[in-house]
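Fold and geometry: a report
Chain by chain, the residues run as shown.
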Amino acid sequence: MMQAIGLIETRGLTPALEALDAMCKAANVRLASFKRVGSGLVTVIVEGDVASVAAAVEAGAAAYQKTGGQLVASNVIPRPHPDLARMLL
């Protein structure tokens, strides 16, 4: 069971990639999933320990701005229920 998952959703692929790069550089997290939701929305999901995921999401939420993109949402879910983790990943 994973300790935490972090999600960042942006409008556009480039801001999502910029956020993902910042997330992976800022903390010890692993890319769990990368989803194109539709209507230009892209969701990046990382996993790791709670502190690392929180730091990564904070870094990613700040980094997308370099691209002029739009941050739609960001969230950290500590100790996700196994059913939720299975659904997202």
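Residues numbered from 1 in each chain as written. Predicted model: local features only at pLDDT ≥ 70, side-chain atom pairs only at ≥ 80, totals over all residues. Heavy atoms only, no water.

Under an unreviewed UniProt entry, the protein chain has the name BMC domain-containing protein and belongs to Paenibacillus tianjinensis. On record in UniProt, under Subcellular location (unreviewed entry), the comment for the protein chain is "Bacterial microcompartment". Taken verbatim from the UniProt record of the protein chain, the Sequence similarities (unreviewed entry) comment is "Belongs to the bacterial microcompartments protein family." (UniProt positions renumbered as here; feature names shortened; annotations may be inferred.)

Digging into the UniProt feature "domain: BMC" (unreviewed entry) in the protein chain
According to UniProt, the feature "domain: BMC" (unreviewed entry) maps to residues 4-89 in the numbering used here. The span residues 4-89 shows a helical share of 41% and a strand share of 40%, and its end C-alpha atoms are spaced 13 Å apart. (Helix = DSSP H or I, 4+ residues; strand = E, 2+ residues; numbered from the N terminus.)

With respect to the pattern of salt bridges
One pass over the structure, following the stated rule, counts 4 salt bridges. Between E18 and K66 there is a salt bridge whose closest N-O contact spans 3.8 Å. Remark: K66 occurs in the loop between α2 (50-63) and β4 (70-78) and E18 occurs in helix α1 (residues 13-26); sequence separation between them is 48 residues. Given the relative accessible area of 67%, K66 is considered exposed. Note that E47 and R30 form a salt bridge whose closest N and O atoms lie 2.0 Å from each other. Within this pair, whereas E47 is found in strand β3 (residues 41-48), its partner R30 is found in strand β2 (residues 30-38), the two being separated by 17 residues in sequence. Judged by its relative accessible area of 13%, E47 is buried. (Salt bridge = Lys/Arg side-chain N within 4 Å of Asp/Glu carboxyl O. Buried < 20%, exposed > 50% of the residue type's maximum accessible area, 1.4 Å probe, protein only.)

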